Structures are given as structure tokens and as C-alpha cells.
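Fold and contact review
Okay, here's what each chain looks like letter by letter:
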Amino acid sequence: MSAWKFNAPGNVHDFKDPSKWHDAMEKEAKDIIRILVGQTLGKDYEDITPEDILAVGPELAYVDPTVTAPPADAETIGISPWGAFPRAVERNAPWPFPPDDIDFKGNFRASEQSGNEDIHNGQLSDLNGNPLTFPVRHRQDEYLEWTVRRNQDGKITKAIFVAEGYDYYATLFENDPTLVRDMYREFTGINSIQVDELRALEGLQVLYPGKTKPVTLVEKGGFNWRNGYNIDPGIVHLSHRANSLGAEVNLAGVSGIARKGTDGNILKVGKPELLLCCSNGGNPNRNSDPLIGEQAYAQVLAAYHYTLADPVGLYIAAVEEQRLTLPNGEPIPREWWKVVRGSDLWIPAESRVLRLELEVPASEGLILADLLIDGNPVVYGAQLAQLLSVHLFVTRWKRTTNSVGPVVNCECTCCRKTGTKILVLNSTGACVPGYELAFEGLLPKPKEIEVKASAFKSITRL
């Protein structure tokens, strides 16, 4: 064991006992190792033994830093940032909204609707089976969500962006529910919020379409991260099901193993969607998942060991500030962008911003709606979200040999909806009518093409 300690994202100091957060992240790190060992040995996660981990673990590119701390000469780098506006929304356009000069395809309005697409429009209920309704920002899936404040005329006066996983708040709530309540009061402006209003008193579960057994999202009395205060007038933290810090850790970890195609050759970097489909590592329609996966994979092929850099987190990387101007075309002052949690917004290689707010000082006699983005008036918060990017950091160091570690087969492939860029994961290699195989050579060709809709793991609006 090493003396490594995980700090809270952005080096914030929310936990009275910081070891509680360290314990949660240590579990995440050990889970990744078990997944990778299982993939290497072809064993189920539950069947992995300590002996398996001892035998295979040191060969993996991904390292659990609580077992083996990075050496002194390790370097920490930010991976290439990705656009905060959801690519899946763009791929599913056009949307059924009335014509709009600012939002021609309806992308901006679609991205700001609430709903349950993040859980595939499944039915939410408590653990007793009583139906519940908790719509969230279900199309803002790039590890960044936003909301805006409007005046009585409906014009935007303030925009708020967050990149904090709901699972971080769940862990904090387990240890200090009063603090989470106070943060909710501060960020929503509602001073009457009570702790129990943030709980799922009878638990929370979802029954996915086509399934007979519901999946538990929150145990009885736990933190209900889909609570309505985080949506309206929120925003406190991320709400989309896929926007968890655990998902980021998982994605960066499970991408850390060399893969080979059906020809026996190791897959190369350069096709991030292909790599993600092969590893079944997330949603190939997002900006984020394929990019994170590919950059983790690149560490493997370059013979690095790596781990997610401390403090592990998803961060707002940068703002394309020149695109947002005053009515006369001049850029707005940086001071109007307020970093509320995190740090270093204007140092892209170091930025660890968790919460960012934008508002024009009252003394200026303007509001956000008076500003211009690329020469167009600010009508939707999504226009501002397009200015932002998101990133994370890894710490890496060279192996003592030039090995890439274990090499395993692809777990999956993808089918592409005909005539579109929409990809769906597929574990059989047999695409249903209306879809075509997106990538050859990831899975063996099925001996018999058995067309079953259930063979698809749909992760997009179809």
C-alpha cells in the first residue's frame, strides 16, 4: 500500500473528515483494477480473486495509486478538452421546434428540455413501486450542465455552469447532510430547503423499457440526486445519469487495456469512436467519451503507466471568450466570468473549475441578453455553453519495459443508423434493419444473422 490520498475535486474543502472522500475514490480505483483483470483473464467481475489481482495487476497500464503511488518523475497532463455542447443533440437534429433564426435546427432548445432520456425514458418509482417523476437535464451529457436566469421579459440575465458529479454530492450527503442542504440553499436561493427534501425517503428505482426488474438508483433515505431543486431553480450539480464522476473514472480506466481486432492486430489510436465501440466504454455519440477513451488508450500504446490525477475531477477547461462581445463588438471583461468553485479558469492547462457563473454587473446598464455571440443576440443558455470546454487530468510515467501490457479482444462493436451519424453499441455484430455495421473487424462475423431488437444496447434517442 502507498501513502496516496485522494483529495476532493478542485481541492475544495467540503468534507470535515477528508478520509471519507478518499475511501470512496479508493473503492473506484480498486473496481477498475478488478474490471481490467477480469477482461484480461476472461472472468466475471465477481469471480476475481486477490491472487488474480496480484498476478495481473502489475502488468496493467492503469494503476491503483493507493497500492502503487506514481514515482517522483511522473508527469501530470490535461487531456485534450472536449466541447461542452452535447454532440448527441446535434446528431439527432433537426428537432420539432418552430423556425428560429438563432436556433435553426432546434438544437439549443432541445438541449435545454428536461426529461428522462438519460434513463431511456424508464419509469421511476420508489422502492415500494409507487410511481415518481424526476425529470432532469437529460440531454446535457458532456459532463457539463447549465441553466439561466431570466427577467420578467424572458431575457437572460445570468448563466450558471457546473461540472460536479452528483455522486460527489451523494458521498458528501452521507457524511454531512446539513452542509449539502446549506449548499442547496446558497445555490438555489431557497432558504427553506430541508434535509429530508433532498432524500429519497423510500428509495428510488427505475424500470427500463423492455425489462421486468427495476434497477435501484438510491437506497431508502439516501441522497436523491434527481431532486427538483437541482433542476428548477437549480443548478447545484450535474443531474444526467451518465454525468457522474464514477463514469469518468470508469471510462478512463477501462480504456486502459490494449485491444486487438479480429485480424489479431492491436488497434491503433486515431479513430476514437471505433476504440470506444470496441471497449464498450461509454456513449460513442458524445464528444467526451470517445475522446477520453482514446487518450487513455494512447497512454497504453505509448508504454505508459497512468492513473487519474489527484484531485480527480471533471473540470471546465476554458472559455472561448473572444466569441462573446459587447454590442459594439468588443470582448467582455474576464471579471464578468465568476469562478465559484475550483480555480485557474484562465490557465487552460491547469483549469480546475467546477462551477462558473456569468452575469453583467448592474453598474454596466446591460444584461446578458444585450451581448452578442458570433454577432447574434444571446437568446439561449446553450449559445453560451457552446463557448465552454471540459477536461480532466492524468498522471503518467514510462514503464521500465516497452510493453503495452495485456492485449484482449474487443467486447463490442457499433451499428450506425442508416443515413446518419448515430451509433448504437452492439455485442453481436448483427445490425437490425435500418442500421449498418459501423466498423469492420471488431467482432467476428456472426455465423447466423439473428435479428433481435433486444441485441441492441441503445443509448440514444432512436
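Refer to the structure printed above.
All of these numbers come straight from a predicted model, not from anything done at the bench.

Applying the stated criterion to the full structure yields 25 salt bridges. Residues joined in a network through salt bridges with shared partners are D14, E164 and R341.

Next up on the list: the sheet that holds strand β20 (residues 393-398). With antiparallel pairing, three strands are arranged side by side in an open sheet as β1-β20-β12. The open sheet has two free edges, formed respectively by β1 (75-78) and β12 (304-308), since each of these has just one partner strand. Mean inter-strand twist for the sheet, computed between neighbouring axes without regard to direction, equals 30 degrees. Relative to β20, β1 is paired through four bridges, and the arrangement is antiparallel. Paired with I77 across the strands is V394, a residue of β20. In this fold helix α9 (residues 288-301) packs onto β1, β12 and β20, with an angle of close to 150 degrees to the strand it touches most, β12.

Let's shift gears to the side chain of H391. With respect to the helices, strands and loops of the structure, H391 is situated in strand β19 (residues 388-391). Overall, the relative accessible area of 2% leaves H391 in the buried class. Sequence-distant contacts of H391, that is, excluding residues within four places in its chain, are made with I79, P81, W82, G313, L314, Y315, I316, A317, P348 and S351.

The next thing to look at is the state of the cysteines. Scanning the entire structure with this criterion turns up three disulfides. The partner cysteine of C278 in its disulfide is C410, sulfur to sulfur 2.3 Å. Across the S-S bond linking C278 and C410, the dihedral sits near -95 degrees, which makes this disulfide left-handed. Note that C278 is positioned in helix α8 (residues 272-279) and C410 in the loop between β21 (407-409) and β22 (413-417), a separation of 132 residues in sequence. You can call C410 buried: its relative accessible area is 9%.

Each value, and the rule that gives it
- Residues numbered from 1 in each chain as written.
- Predicted model: local features only at pLDDT ≥ 70, side-chain atom pairs only at ≥ 80, totals over all residues.
- Heavy atoms only, no water.
- Salt bridge = Lys/Arg side-chain N within 4 Å of Asp/Glu carboxyl O.
- Pairing = 2+ DSSP bridges.
- Helix = DSSP H or I, 4+ residues; strand = E, 2+ residues; numbered from the N terminus.
- Axes fitted to C-alpha atoms, helices over the stretch in contact; angles between N-to-C directions.
- Contact = heavy atoms within 4.5 Å.
- Buried < 20%, exposed > 50% of the residue type's maximum accessible area, 1.4 Å probe, protein only.
- Disulfide = S-S within 2.5 Å.

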